[in-house]
Amino acid sequence: NVWEKKNIDIVFIGDSFTKGECVNQGSEITSQLRELQNFNIINLGWQGTGPLRQFATYREFIKDKQTKYIFWVYFEENDLDDLLQERNNKILMEYFNNSSFNQNLMSEDIKKKVFNLILNKHDEFMKKEFEINDNIKRYTNLINYIKLYKTRQIILANFYKKFFENKDNLLIENYEDENLNFYFKLLDKLSDETSKNTKIVLVYLPKEKYGFTSGFNKSSKIKKTIFSELEKRNIDIIDIDTKIKDNFFNPGDLYPKQHVGMHFNEKGYKFIAKKINEYLITDINNNAN
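Keep in mind it's a predicted model, so treat the numbers as computed, not measured.

Undergrad: Tell me about the side chain of asparagine 277, and name the residues and values.
TA: Mapped onto the secondary structure, asparagine 277 falls in helix α12 (residues 266–288). In contact with asparagine 277, not counting residues within four places along its chain, are Leu33, Leu36, Gln37 and Phe39.

Undergrad: Requested: an account of α12, with residues and values cited.
TA: Given a rise of 1.5 Å per residue, 23 residues ought to cover 33 Å, and the 32 Å separating the end C-alpha atoms of α12 matches this to within 8%. Buried within α12 are the following residues: Gly268, Tyr269, Phe271, Ile272, Ala273, Lys275, Ile276, Asn277, Tyr279, Leu280 and Asp283. Its side-chain oxygen at 3.1 Å from the backbone nitrogen of lysine 267, asparagine 265 defines the N-terminal cap of α12.

Undergrad: Tell me what's going on with the packing of aromatic side chains, and back it up with residues and numbers.
TA: Here the structure, examined in full by the defined rule, presents 16 aromatic pairs. Considering the side-chain rings of phenylalanine 12 and phenylalanine 71, the 5.2 Å spacing of their centres and the 25 degrees angle between planes classify their relative orientation as stacked. With a gap of 59 residues between them, phenylalanine 12 in strand β1 (residues 7–13) and phenylalanine 71 in strand β3 (residues 66–75) connect regions that are remote in the sequence. For the pair phenylalanine 12 and phenylalanine 71, one class covers both residues: buried. Aromatic pair phenylalanine 264 and tyrosine 269: ring centres 5.8 Å apart, planes at 70 degrees, arrangement edge-to-face. Tyrosine 269 gets classed as buried once you look at its relative accessible area, which sits at 0%. An aromatic cluster is defined as three or more aromatic residues linked by ring pairs; in this entry it consists of Trp72, Tyr74, Tyr183, Phe184, Tyr204 and Phe227. Directly above the ring of phenylalanine 182 sits arginine 87, whose terminal nitrogen or CZ lies 4.6 Å from the centroid.

Undergrad: Describe the side chain of aspartate 82, naming the residues involved and giving the relevant values.
TA: On the secondary structure map, aspartate 82 appears in helix α4 (residues 79–86). Notably, aspartate 82 is buried but unbridged: the nearest opposite-charge side chain belongs to arginine 53, and the N-O separation is 5.3 Å. Ignoring any residue separated from it by four or fewer positions in sequence, one finds aspartate 82 in contact with Thr49 and Gly50.

Undergrad: Could you give me a rundown of the pairing of β3, with the residues and numbers involved?
TA: With eight of 10 residues buried, β3 is to be regarded as a mostly interior element. As judged from the six bridges shared by β1 and β3, these two strands associate in the parallel manner. Its bridge partner being in β3, phenylalanine 12 is matched across the sheet by phenylalanine 71. Relative to strand β4 (residues 199–205), β3 is paired through seven bridges, and the arrangement is parallel. Along β4, the bridge assignment pairs isoleucine 70 with isoleucine 200.

Undergrad: Now, about the pairing of β1: what can you tell me, with residues and values included?
TA: Where burial is concerned, most of β1 is hidden: six out of the seven residues are buried. Two elements, β1 and strand β2 (residues 41–43), share three bridges in a ladder whose sense is parallel. Across the sheet, phenylalanine 12 pairs through a bridge with asparagine 43, a residue of β2.

Undergrad: Give me the packing of helix α3 (residues 51–61) against helix α5 (residues 90–97): which residues, what numbers.
TA: Orientation of α3 relative to α5, taken along the N-to-C sense of each, is 65 degrees, at an axis distance of 10 Å. Handedness of the α3/α5 crossing: left-handed. Across from Leu52, Arg53, Phe55, Ala56, Arg59 and Glu60 in α3, the residues of α5 making contact are Leu92, Met93, Glu94, Tyr95 and Phe96. Here the contact of α3 with α5 is composed, by residue class, of seven nonpolar, no polar and four charged.

Undergrad: Before we move on, could you go through the packing of helix α11 (residues 240–247) against α12 and cite the residues and values that matter?
TA: Packing of α11 against α12 leaves a shortest axis separation of 11 Å and a crossing angle of 110 degrees. On the basis of the axis angle, α11 is roughly perpendicular to α12. In this structure, α11 contributes Ile240, Lys243, Ile244 and Asn247 to the contact, and α12 contributes Phe271, Ile272 and Lys275. Broken down by class, the residue content of the contact of α11 with α12 amounts to four nonpolar, one polar and two charged.

Undergrad: Describe in detail the nonpolar core, supporting the description with residues and values.
TA: By size, the foremost hydrophobic cluster in this structure holds 34 residues, and its most contacted members are Leu52, Trp72, Tyr74, Tyr183, Leu186, Leu190 and Ile226. Going through the elements one at a time, β1, α3, β3, α4, α5, α9 (175–193), β4 and α10 (214–232) are the ones with two or more residues in this core. With seven residues, α9 is the largest single contributor of residues to this core. Once you skip the residues sitting within four places of it in the chain, leucine 190 turns out to touch Ile13, Phe55, Tyr58, Ile70, Trp72 and Ile200.

Undergrad: Residues and numbers for the sheet that holds strand β5 (residues 236–239), please.
TA: What the five strands build is an open sheet, ordered β2-β1-β3-β4-β5; its pairing is parallel. Among the strands making up the open sheet, the edge pair consists of β2 and β5. Strand-to-strand twist of the sheet, defined as the mean angle between neighbouring strand axes without regard to direction, takes the value 20 degrees. Contacts from α3 reach β1 and β3 within the one sheet, and its direction differs from that of β3 by about 165 degrees.

Here is what the cut-offs are and how they apply
- The numbers attached to residues start from 1 for each chain and follow its sequence in the written order.
- Side-chain atom pairs in this predicted model are given and counted only at pLDDT of 80 or more, local residue features only at pLDDT of at least 70, and totals for whole chains, interfaces and linings cover all residues.
- Computation of side-chain values: all heavy atoms of the structure, hydrogens and water removed.
- To qualify as a helix, a DSSP run of H or I must reach at least 4 residues; to qualify as a strand, a run of E must reach at least 2; elements of each kind are numbered from the N terminus.
- Any pair of residues with heavy atoms lying within 4.5 Å of one another is described as a contacting pair.
- How far a helix is expected to stretch is found by multiplying one less than its residue total by 1.5 Å.
- Whether a residue is buried, partly exposed or exposed follows from its accessible area with a 1.4 Å probe, protein chains only, as a fraction of its type maximum: under 20%, in between, or over 50%, in that order.
- Any pair of nitrogen or oxygen atoms within 3.5 Å is treated as a polar contact; in protein, a donor-acceptor pairing is required on top of that, and neighbouring residues in sequence qualify only through side-chain atoms on both sides.
- Centre distance within 6.5 Å is the pairing criterion for rings of Phe, Tyr and Trp, where only the six-membered ring of Trp is used; planes under 30 degrees apart are then read as stacked, over 60 as edge-to-face, and the remainder as tilted.
- Geometrically, a charge over a ring is one whose NZ (Lys) or CZ (Arg) sits within 6 Å of the ring centre while staying within 35 degrees of the ring normal.
- Charge counting follows a simple rule: Lys and Arg are positive, Asp and Glu are negative, and His as well as the terminal groups are ignored.
- Salt bridges are defined by distance alone: a side-chain nitrogen of Lys or Arg within 4 Å of a carboxyl oxygen of Asp or Glu.
- Each pair of strands is called paired provided DSSP finds at least two bridges between the two strands.
- All axes here are fitted lines through C-alpha atoms, helices being fitted over the stretch that makes contact, and every angle between N-to-C directions spans 0 to 180 degrees.
- What makes a crossing left-handed is the near helix being turned counterclockwise from the far one by less than a right angle; a clockwise turn instead makes it right-handed.
- Under the scheme applied here, ten amino acids are nonpolar (Ala, Val, Leu, Ile, Met, Phe, Trp, Tyr, Cys and Pro), four are charged (Asp, Glu, Lys and Arg), and all others, including Gly, are polar.
- For classification purposes, angles smaller than 35 degrees are called roughly parallel, those larger than 145 roughly antiparallel, those between 65 and 115 roughly perpendicular, and all remaining angles oblique.
- What makes a nonpolar core is a set of buried Ala, Val, Leu, Ile, Met, Phe, Trp, Tyr and Cys residues whose side-chain atoms join them at distances within 4.5 Å.

This is the structure in structure tokens:
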């Protein structure tokens, strides 16, 4: 029903944290936000994506819709690293260099072509590489075939391999500064492609770090730069990093088995949804006044 609507309240773009990895469906940020308010929400979060793929995803699936809010979830652990890899991908760079570039991924014809391509690759793999053991139950082989488990592994392995084929390209001096500038250009492009009535909001997620480490100093510098640049662009920020510190003596409560290096648990995603809802209530009331 949501996808059929022309007007969307909220769109989320981001990586695995946005998708809601490591909790059951219904416990991720967007579902919990729907529990708090009757918002019309589309979640485009997907694991392993960086800012450029997330920008491309928006253009493919949302650009023609009228959207009130876009929440772009930024994870400081790896978003800049992902962006560095993505900039070596010619197809992804087309989204950046050409404002009209689109692969029509919403088209039913394109969906069928992609499905048939994957199915053909799967058949090819099954014939050439996978020796069926007579002792394996037919049911197991059927499930593997239907789900395309083996083929997915091959496709994903080859897909990510291309990002790392030229390691020299990844050894760029001061790549954080260069990638940050590119990231800000992506934000500008997103602003240019959205309606004047669309509000872009950055949701800033923390990573595991300690105040006495060099990693903390680097992350703090990057965070300060991002916040300063977004303020210049009048882009609002929901600083989950600071909100966790302000509300939890032990942040481990928001993670599985107290391990802050993992994705959030249900409580963690609920806390983020609550803070986003608080922002929405304040912003909607301010606009009403």
